[in-house]
Amino acid sequence: MGEKQYLLDRTLEAWKGKRVALAVSNEHSFTGILDDFDEEVILLRDVVDIAGNKAKALVVKIDDLNWIMLL
């Protein structure tokens, strides 16, 4: 029998390549394309923050996430 795949892993895998919004440490919100993830971090590309600032990429520790949603 294979290793159990956790809900977060299954969900993020299904959302790969799609636009998501997330909140980091209850202070900062970002949107971007979910590019990749592992057990420690999430990588977004084509990122925009709540103030409209743009970046090519953002790496966020999963432990620092408050929420993530599919847009």
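Just above sits the structure.
Summarised in this report is the structure supplied together with it.

Rules behind the numbers
- Residues numbered from 1 in each chain as written.
- Predicted model: local features only at pLDDT ≥ 70, side-chain atom pairs only at ≥ 80, totals over all residues.
- Heavy atoms only, no water.
- Pairing = 2+ DSSP bridges.
- Helix = DSSP H or I, 4+ residues; strand = E, 2+ residues; numbered from the N terminus.
- Axes fitted to C-alpha atoms, helices over the stretch in contact; angles between N-to-C directions.

1. Some remarks on the sheet that holds strand 2 (residues 28-37)
As a general point, the strands of a sheet are linked pairwise by backbone hydrogen bonds and lie either parallel or antiparallel.
Then, number 1: With respect to topology, five strands assemble into an open sheet ordered 4-3-2-1-5, the strand pairing being antiparallel. Every interior strand has two partners, whereas the edge strands, strand 4 (54-61) and strand 5 (65-70), have only one. Direction aside, neighbouring strands of the sheet carry axes that sit 40° apart on average.
Then, number 2: Bridge analysis of strand 1 (residues 19-24) against strand 5 gives five bridges, and the strand direction is antiparallel.

2. Some thoughts on unusual backbone geometry
Then, number 1: Backbone geometry at Ser-25 places phi at a positive 50°, although glycine is not the residue there.
Then, number 2: Mapped onto the fold, Ser-25 is located in the loop between strand 1 and strand 2.
Then, number 3: Within the chain, Asn-26 stands out as a residue other than glycine whose phi angle is a positive 60°.
Then, number 4: Looking at the secondary structure, you find Asn-26 in the loop between strand 1 and strand 2.

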